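The residues making up each chain are set out below.
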There are 2 protein chains.
Amino acid sequence: MISPPSYRSHPSPFESGLRSDGKRMTPQRKKVLSLFEEIGSGIHLSAEEVHSKLTISGEKVSLATIYRTLRLLVKMTFLNELDLSEGGNRFELLSHDHPDHHHLICIRCGRTEEFENNNVINAGKEAATNFGFKLLESSLNVRALCPKCSNK
Amino acid sequence: MISPPSYRSHPSPFESGLRSDGKRMTPQRKKVLSLFEEIGSGIHLSAEEVHSKLTISGEKVSLATIYRTLRLLVKMTFLNELDLSEGGNRFELLSHDHPDHHHLICIRCGRTEEFENNNVINAGKEAATNFGFKLLESSLNVRALCPKCSNK
DNA sequence: CCTTTTGTTGCGAGCTGTTCTCATTACGCT
DNA sequence: AGCGTAATGAGAACAGCTCGCAACAAAAGG
Ligand SMILES: [Mn+2]
Ligand SMILES: [Mn+2]
Ligand SMILES: [Zn+2]
Ligand SMILES: [Zn+2]
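Residues numbered from 1 in each chain as written. Chains lettered and ligands numbered in written order. Predicted model: local features only at pLDDT ≥ 70, side-chain atom pairs only at ≥ 80, totals over all residues. Heavy atoms only, no water.

### Quick notes on the protein's contact with DNA strand C
Condition: Near, as used in this document, describes a residue that has one of its heavy atoms within 4 Å of the molecule or strand being considered. Whenever a nitrogen or oxygen atom comes within 3.5 Å of another N or O atom, the pair is scored as a polar contact, on the condition that within protein one atom can donate a hydrogen and the other can accept it, and that pairs from neighbouring residues in sequence are kept only if both atoms are in side chains. Under the DSSP-based scheme used, a helix requires at least four consecutive residues in state H or I and a strand at least two consecutive residues in state E, with every element numbered from the N terminus. When residues are grouped by polarity, Ala, Val, Leu, Ile, Met, Phe, Trp, Tyr, Cys and Pro land in nonpolar, Asp, Glu, Lys and Arg in charged, and all others, Gly among them, in polar.
By nearness alone, 21 residues border DNA strand C, and Gln28, Arg29 and Arg68 of chain A together with Arg19 and Tyr67 of chain B come closest of all. The share of sugar and phosphate among atoms of DNA strand C within 4 Å of the protein is 73%. A distance of 2.9 Å separates a phosphate oxygen of DNA strand C from a polar atom in the side chain of Thr65 of chain A. Separating a phosphate oxygen of DNA strand C from a side-chain N or O atom of Arg19 of chain B is a distance of 2.8 Å. Listed by contribution, the elements that provide at least two residues to the surface near DNA strand C are helix 2 (27-39) and helix 4 (63-75) of chain A together with helix 4 (63-75) of chain B. Here the surface near DNA strand C is composed, by residue class, of 6 nonpolar, 7 polar and 8 charged.

### Topic: the coordination of the zinc ion (ligand 4)
All names here are of chain B. Applied cut-off: Each metal's donors are the N, O and S atoms within 2.8 Å of it, or within 3.2 Å when it is Na, K or Ca, and because water is not part of the set, sites may look incomplete. Square planar and octahedral assignments, for four and six donors respectively, both demand that opposite donors be over 155 degrees apart and that all other angles lie between 65 and 115; tetrahedral needs four donors with all angles between 85 and 135 degrees, and anything else is irregular. Three labels apply to residues, based on accessible area from a 1.4 Å probe with only protein chains included: buried if under 20% of the type maximum, exposed if over 50%, partly exposed otherwise in between.
Donor atoms from the polypeptide that coordinate the zinc ion (ligand 4) comprise Cys106 (SG), Cys109 (SG), Cys146 (SG) and Cys149 (SG), at 2.2 to 2.4 Å from the metal. One way to put it: the 4 donor atoms around the zinc ion (ligand 4) meet at angles of 100 to 115°, and that makes the site tetrahedral. For Cys106, a relative accessible area of 1% puts it in the buried group. Judged by its relative accessible area of 12%, Cys149 is buried.

### Side note on the side chain of Ser46 of chain B
Residues and elements named next belong to chain B. Selection criterion: Contact criterion: two residues are considered in contact whenever any of their non-hydrogen atoms come within 4.5 Å of each other.
Note on placement: Ser46 falls in strand 1 (residues 45-46). Under the relative-accessibility criterion, Ser46 is labelled buried at 11%. Beyond its immediate chain neighbours, meaning those up to four positions away, Ser46 contacts Asn89 and Arg90.

### Brief notes about the sheet that holds strand 2 (residues 79-82) of chain B
Residue and element names in this part refer to chain B. Short version of the rule: A strand pair is defined by DSSP finding two or more bridges across the two strands. Working convention: axes come from line fits to C-alpha atoms, limited for helices to the stretch in contact. Angles between N-to-C directions cover 0 to 180 degrees.
As summarised here, the arrangement of the 3 strands in space is 1-3-2, forming an open sheet in which the pairing is antiparallel. Edge strands, defined here as strands with exactly one partner in the open sheet, are strand 1 and strand 2. Inspection of the sheet shows strand 1 paired to strand 3 (residues 90-93) by 2 bridges, in the antiparallel sense. When the sheet's bridge partners are listed, Ser46 is paired in strand 3 with Arg90. Across the sheet, helix 2 (residues 27-39) touches strand 1, strand 2 and strand 3, and the angle it forms with strand 3 is around 65°.

### Quick word on the relation of the copies chain B and chain A
Defined as follows: Copies overlap after least-squares fitting; the atoms used are the C-alpha atoms of residues with pLDDT of at least 70 in both.
You can overlay chain B on chain A at an RMSD of 0.2 Å; the transform is a turn of 179° with a shift of 0.0 Å along its axis. Taken together, the rotation and translation describe the operation of a two-fold axis. Looking at the rotation axis and the C-alpha trace of chain B, the residue lying nearest is Leu140 of chain B, at 2.1 Å.

### Side note on the sheet that holds strand 5 (residues 112-115) of chain A
Spatially, the 6 strands line up as an open sheet ordered 5(A)-4(A)-6(A)-6(B)-4(B)-5(B), and their pairing is mixed. The open sheet has two edge strands, strand 5 of chain A together with strand 5 (112-115) of chain B, and neither has a second partner. When strand polarity is set aside, the average angle formed by the axes of neighbouring strands in this sheet is 25°. Looking at chain direction, strand 4 (residues 102-106) of chain B and strand 6 (residues 134-145) of chain B are connected through 4 bridges and run parallel. The partner of His103 of chain B across the bridge, within strand 6 of chain B, is Asn141 of chain B.

### Overview of the coordination of the manganese ion (ligand 2)
Residues and elements named next belong to chain B. The protein atoms that coordinate the manganese ion (ligand 2) are His44 (NE2), Glu92 (OE), His101 (NE2), His103 (NE2) and Glu114 (OE), at distances of 2.0 to 2.4 Å. As a motif over one chain, the donors of the manganese ion (ligand 2) read H-x47-E-x8-H-x1-H-x10-E. A residue pair is termed long-range when its members are at least 10 positions apart, and His103 in strand 4 and Glu114 in strand 5 qualify at 11 residues.

### With respect to the domain arrangement of chain A
Residue and element names in this part refer to chain A. Definition in use: The domain limits used here are those given by an automatic or database domain assignment. Summed over both partners, the accessible area lost on bringing two parts together, with a 1.4 Å probe, is the buried area.
Splitting chain A by domain gives domain 1 (17-98) and domain 2 (100-152). Relative placement of domain 1 and domain 2: their C-alpha centres are 22 Å apart. Across the boundary between the two partners, domain 1 contributes 10 residues, which contact 10 residues of domain 2. A combined buried area of about 770 Å² lies between domain 1 and domain 2, and 44% of that area is made up of carbon and sulfur atoms.

### Topic: the protein's contact with DNA strand D
Close contacts around DNA strand D come from 19 residues, with Arg19 and Tyr67 of chain A together with Gln28, Arg29 and Arg68 of chain B the closest. Protein-proximal atoms of DNA strand D, defined as those within 4 Å of the protein, fall in sugar or phosphate at a share of 62%. One nitrogen or oxygen atom from the side chain of Gln28 of chain B is found 2.8 Å from a sugar or linking oxygen belonging to DNA strand D. Taking Thr65 of chain B, its side chain carries an N or O atom lying 2.9 Å from a phosphate oxygen of DNA strand D. Counting only elements with at least two residues in the surface near DNA strand D, the list comes to helix 4 of chain A together with helix 2 and helix 4 of chain B. Among the residues making up the surface near DNA strand D, the classes are represented as 4 nonpolar, 7 polar and 8 charged.

### A short note on the pairing of strand 5 of chain A
Residues and elements named next belong to chain A. Of the two faces of strand 5, the one lined by Glu113 and Phe115 is fully buried and the one lined by Thr112 and Glu114 carries no buried residue. Here 4 bridges tie strand 4 (residues 102-106) to strand 5, and the two strands are oriented antiparallel to one another. Residue His102 lies in a different strand from strand 5, and its bridge partner there is Phe115. Taking the residues between adjacent antiparallel strands as the criterion, strand 4 and strand 5 are bridged by 5 residues, where Gly110 takes a positive phi near 90°.

Have a look at this one:
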């Protein structure tokens, strides 16, 4: 029989964020966030894809819980939600070094590249200011054809 | 009994665009495009809204036909399709003086303002060039709170 | 510990926006 | 007017997502 460590281990930022809000850490939540962390940033997964990736690696989490958890992780700013037009929404690990990147999407094959541009960020700020709006977030989606799809 | 005019009237750009592609002008198609033209640019309508506006003014066009026609009008570049995240997609008359405008959206009440910014356009071009993509279109969506929704 | 409380899950039903199927209609051409 | 074929209307189907609720499980209290 293994006894738990006698010291109190540091809770992860995820766990303490949950706790401080009366919410609980669960295996399902851990699995979803871990998937994104293992896969790294710059990868954009749909809820369906999260579900099948977990299923394939033997972890059973219901689709409804995945949707709930994704929403939660977005609200907690661990994930970023993308609306790339075609198909369902996608989610990516929110990297704190590149929080404001934008996306270049091949509308044929779905290949997606990321880029940053301060002018875009400023354009959003400026527009919000001009109309007296309080800026939340601005996202530039560039729809295009990748080299492979472009020459036939 | 009224006879049709004996001269051949100039077909509209819409009609000639259709004809040149083996497609036909129909009352339904005319009604949908006319609605957008009468209502003017800068107005963003969902398919459902197009349907109810036509229904209210006594024009009966089925919802399926409206979806088909909206797709067609986008492909023919008479309309622009917006993906403002929340709810269904919206459509607007594509004004040829302001083809590349962007949108500032209040996520609470839906109020939407338009703005133009050359830096944004250039950012899209630049990103496409850097990755060897062929640019199709780029759209900046700024999510924010309008003054009314922002203070309470 | 056992009990209570309360947040969370899984499942299926439900919902919303959009597309599809197919029988019927009607545009455009002669 | 008649023909070929595109387009429509009506409803079924679909995709993506949310909800309701019973079963479950983590905290909290005794
Ligand atoms: Mn990204
Ligand atoms: Mn607009
Ligand atoms: Zn491609
Ligand atoms: Zn508002």
